[in-house]
Amino acid sequence: MKLERPDVRAHVLRAALLAIDEVGPDRLRVRDIAERAGMSSGHVMYYFGKRDRILVSTLLLSEDELAERRTAELATVADPREAVGRLVEMYLPAGAGDVRWRLWAQIVARPPQDEETLARIAGFTGAWARELARIVVRGVGEGLFRPVDDPEDHAMRMCRIMDSLASDVLLGLPGCDAGWAHEQAMRAIRRELLP
């Protein structure tokens, strides 16, 4: 069966996720992706042009899939306090080897130059903050959270705190694992929200 072009691109990106998980984004070679995709390196390059474009596209796919999962999972959580905890858990890395966060680190180190990609990346960041702000507004409305002047500003600050915590986890700093990051993020959020 011959794959259509978008299917081939998605197939290559899924192979890239596997390769990144196995060899890491910094040591990733196009050949690693091609082997896992069952293609030649030239065929992979035909669809993406350069290695950095593969990394960016893999990150975008990963974030799209996580956004779908986040929306679906949070829709099933009735208690805003529990929803905040679930969002924090999905946001933060699962550990120092978390593929999505390792991709983010690579993209930050070598940011894309095209406006469209930068806009999509900004959209992911904004989507997390908007989701958290919605939960905060719901919790305030139910009397579970203290009112905040600007829920979106609050949510964006909390996302920036989680980004910082994620960096410590990725670096593998002593005592800074996924559980520690989750606890620190929840402590910061509770400090501002709980009555």
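Residues numbered from 1 in each chain as written. Predicted model: local features only at pLDDT ≥ 70, side-chain atom pairs only at ≥ 80, totals over all residues. Heavy atoms only, no water.

Undergrad: Please give an account of the pattern of salt bridges that cites residues and values.
TA: By the definition in use, this model includes 18 salt bridges. One salt bridge connects Glu65 with Arg14, and the closest N-O pair in it is separated by 2.5 Å. Of this pair, Glu65 sits in helix H4 (residues 51-74) while Arg14 sits in helix H1 (residues 5-23), placing them 51 residues apart in sequence. Its relative accessible area of 31% is what places Glu65 among the partly exposed residues. (Salt bridge = Lys/Arg side-chain N within 4 Å of Asp/Glu carboxyl O. Helix = DSSP H or I, 4+ residues; strand = E, 2+ residues; numbered from the N terminus. Buried < 20%, exposed > 50% of the residue type's maximum accessible area, 1.4 Å probe, protein only.)

Undergrad: Provide a residue-level description of the domain arrangement of the protein, including the pertinent values.
TA: Considered domain by domain, the protein is made up of domain 1 (1-49) and domain 2 (62-193). Distance from the C-alpha centre of domain 1 to the C-alpha centre of domain 2: 28 Å. Between domain 1 and domain 2, the residue contacts involve 7 residues of the former and 5 residues of the latter. For the domain 1 and domain 2 pair, buried surface summed over both sides reaches about 620 Å², with 63% attributable to carbon and sulfur atoms. Summed over the three residues of domain 1 that lose the most area to domain 2, namely Leu17, Ile20 and Pro25, the buried surface amounts to 63% of that side. At the surface where domain 1 touches domain 2, the tally comes to 1 salt bridge. Taken together, domain 1 and domain 2 are joined by 1 residue pair in polar contact (both at pLDDT 80 or more). By residue class, the composition of the side of domain 1 that touches domain 2 is 3 nonpolar, 1 polar and 3 charged. (Domains from an automatic or database assignment. Contact = heavy atoms within 4.5 Å. Buried area = accessible area lost by both parts, 1.4 Å probe. Polar contact = N/O pair within 3.5 Å; in protein donor to acceptor, adjacent residues only side chain to side chain. Nonpolar A, V, L, I, M, F, W, Y, C, P; charged D, E, K, R; others polar.)

Undergrad: Which residues make up the UniProt feature "DNA-binding region" (unreviewed entry) in the protein, and what are the values?
TA: As recorded in UniProt, the sites labelled "DNA-binding region" (unreviewed entry) are residues 29-48. The annotated region residues 29-48 carries 80% helix and 0% strand content, and the separation between its end C-alpha atoms amounts to 13 Å. (UniProt positions renumbered as here; feature names shortened; annotations may be inferred.)

Undergrad: Describe the layout of surface pockets, listing the residues and the values that go with them.
TA: Estimated volume of the largest pocket: approximately 340 Å³. Along the wall of the largest pocket there are 17 residues; nearest its centre are Tyr91, Trp101, Trp104, Val108 and Asp163. Contributing elements (two or more residues each) for the lining of the largest pocket: helix H6 (99-109), helix H7 (115-141) and helix H8 (151-171). Looking at which element gives the most residues to the lining of the largest pocket, the answer is H6, with 6 residues. (1 Å grid on protein atoms, 1.4 Å probe; cavity = no way out; pocket = protein on both sides within 12 Å on 5 of 7 lines; lining within 4 Å. Points joined across faces, edges and corners; volume = space filled by probe spheres on them.)

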